[in-house]
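# Structural description and commentary
Chain residues, written in single-letter form:
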Amino acid sequence: MFKKSFVVPSTITEIGKGAFAGDSISEIIFENNIETIPDEMFLNNKNLEKVILPNSIKQIGKRAFYRCENLTTINFPEGLTTIGDSAFAIAFRYNSNTEITIPRSVSTIGDYAFAHTDSAAKLYVYSNSVGKTYAHDNNINYVQIDPDVVSVQGINSQYNAFDTVDMSNASL
């Protein structure tokens, strides 16, 4: 299958809703100046595998990556503040190795933002963060990545138990 890549140059400062919805693009790289990934930008783009977001990104819109089932790589830069409703619902389905770090700067994660991705993607979050609260409240596996404490929320299917491991006094 032919892989289609696209670079959004820094001269572009705004992109319209649904710009790449249903497209066959497999990789997109955003240069700086884009602050918002609009609603439904990549909706139902089942070929999308890799997204490189610029440091200028502040918001990811509603359903922006909805049903991007083959998405394997995306970065969330520090400075990102909002992840919209259903932004990544039913994304990452076919890759259990996807790892996403939710930066401390995120102050809002919309309803169902990562719906149906709980077993496919692993979230890395900080303590006392919106990311950790969202993952915990929505039963999504996460790893807490603060410097002194590593907490892992895993789901035991029989008991639905949550485990926390404090490694602040561990030595190697």
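Residues numbered from 1 in each chain as written. Predicted model: local features only at pLDDT ≥ 70, side-chain atom pairs only at ≥ 80, totals over all residues. Heavy atoms only, no water.

### Some points on the packing of aromatic side chains
Using the following cut-off: Between rings of Phe, Tyr and Trp, where Trp is taken as its six-membered ring, a pair exists when centres lie within 6.5 Å; planes separated by under 30 degrees are stacked, by over 60 edge-to-face, and by other angles tilted. For helices the rule is a DSSP run of H or I covering at least 4 residues; for strands it is a run of E covering at least 2, with both sets numbered from the N terminus onward. Each residue's exposure class comes from its accessible area (1.4 Å probe, protein chains only) as a fraction of the maximum for that residue type: buried when under 20%, exposed when over 50%, partly exposed otherwise.
All chains considered together, the criterion is met by eight aromatic pairs. Taking the centre distance of 5.5 Å and the plane angle of 10° together, the rings of Phe20 and Phe42 count as stacked. Of the two residues, Phe20 is situated in the loop between β1 (5-8) and β2 (27-30) and Phe42 in the loop between β3 (36-37) and β4 (50-52); the sequence distance between them amounts to 22 residues. For the pair Phe20 and Phe42, a shared accessibility class is recorded, and that class is buried. Grouped by ring-pair contacts, the aromatic residues Phe6, Phe20, Phe42, Phe65, Phe76, Phe88, Phe92, Phe114 and Tyr134 constitute a single cluster.

### What to know about the environment of Lys4
The line we're drawing: Contact definition: two residues touch when any of their heavy atoms are within 4.5 Å.
Looking at the secondary structure, you find Lys4 in the segment before β1. Taking the C-alpha atoms as reference, Lys4 lies 6.6 Å from Glu27; in sequence the two are 23 residues apart. Each residue touching Lys4, except ones within four places of it in the same chain, is listed here: Asp23, Ser24, Ile25, Ser26 and Glu27.

### Thoughts on the sheet that holds strand β5 (residues 59-60)
Basically, it comes down to this: Pairing between strands is defined by DSSP: at least two bridges between the two strands are required.
The parallel open sheet is built from four strands, whose spatial order is β3-β5-β7-β9. Strands with a single pairing partner mark the edges of an open sheet, and in this sheet they are β3 and β9 (108-109). As defined by bridge partners, β3 adjoins β5 across two bridges and the pair is classed as parallel. Its bridge partner being in β5, Ile37 is matched across the sheet by Ile60.

### Concerning the environment of Lys58
Of note, Lys58 is situated in the loop between β4 and β5. Given a relative accessible area of 34%, Lys58 falls into the partly exposed group. Along the primary structure Lys58 and Thr36 are separated by 22 residues, whereas in three dimensions their C-alpha atoms are 6.0 Å apart. Residue contacts for Lys58: discarding those within four places in its chain leaves Glu35, Gly79, Leu80, Thr81 and Thr82.

### Observations regarding the sheet that holds β4
Ordered in space as β1-β2-β4-β6, the four strands form an open sheet in which the pairing is parallel. One side of each edge strand has no neighbouring strand; the edge strands of this open sheet are β1 and β6 (73-74). Pairing of β4 with β6, which is carried by two bridges, proceeds in the parallel orientation. Directly across from Val51, in β6, lies its bridge partner Ile74.

### Quick look at the nonpolar core
Under the convention used in this document: Working definition of a nonpolar core: buried Ala, Val, Leu, Ile, Met, Phe, Trp, Tyr and Cys residues. They are joined through side-chain atoms within 4.5 Å.
Core analysis: the biggest nonpolar cluster contains 40 residues, and Phe30, Phe65, Phe76, Ile83, Phe88 and Phe114 have the highest contact counts within it. Among the secondary structure elements, those contributing two or more residues to this core are β2, β10 (121-125) and α1 (130-137). Residues in contact with Phe65, not counting those within four places in the same chain, are Ile37, Phe42, Leu48, Val51, Ile60, Leu71, Ile74, Ala87, Phe88, Ala89 and Ala91.

### A short note on α1
Selection criterion: Each direction from the helix axis to a C-beta atom contributes to the arc, which is the arc of those directions.
Residues Gly131, Tyr134 and Ala135 constitute the buried set of α1. Looking straight down α1, one finds that the buried residues subtend no more than 95° of arc, so they occupy a single side. Looking one or two places after α1, you find Asn139, whose phi comes out positive at around 60°.

### Section: the side chain of Asn45
Where we set the bar: A 3.5 Å cut-off defines polar contacts: any pair of N or O atoms within that distance qualifies, except that in protein one atom must be a possible hydrogen donor and the other a possible acceptor, and neighbouring residues in sequence count only when both atoms are side-chain atoms.
On the secondary structure map, Asn45 appears in the loop between β3 and β4. Among the residues examined, Asn45 registers a relative accessible area of 0% and is labelled buried. Polar side-chain contacts of Asn45 include one of 3.5 Å to the backbone oxygen of Ile25. When neighbours within four sequence positions are excluded, Asn45 is seen to be in contact with Phe20, Gly22, Asp23, Ser24, Ile25, Arg67 and Cys68.

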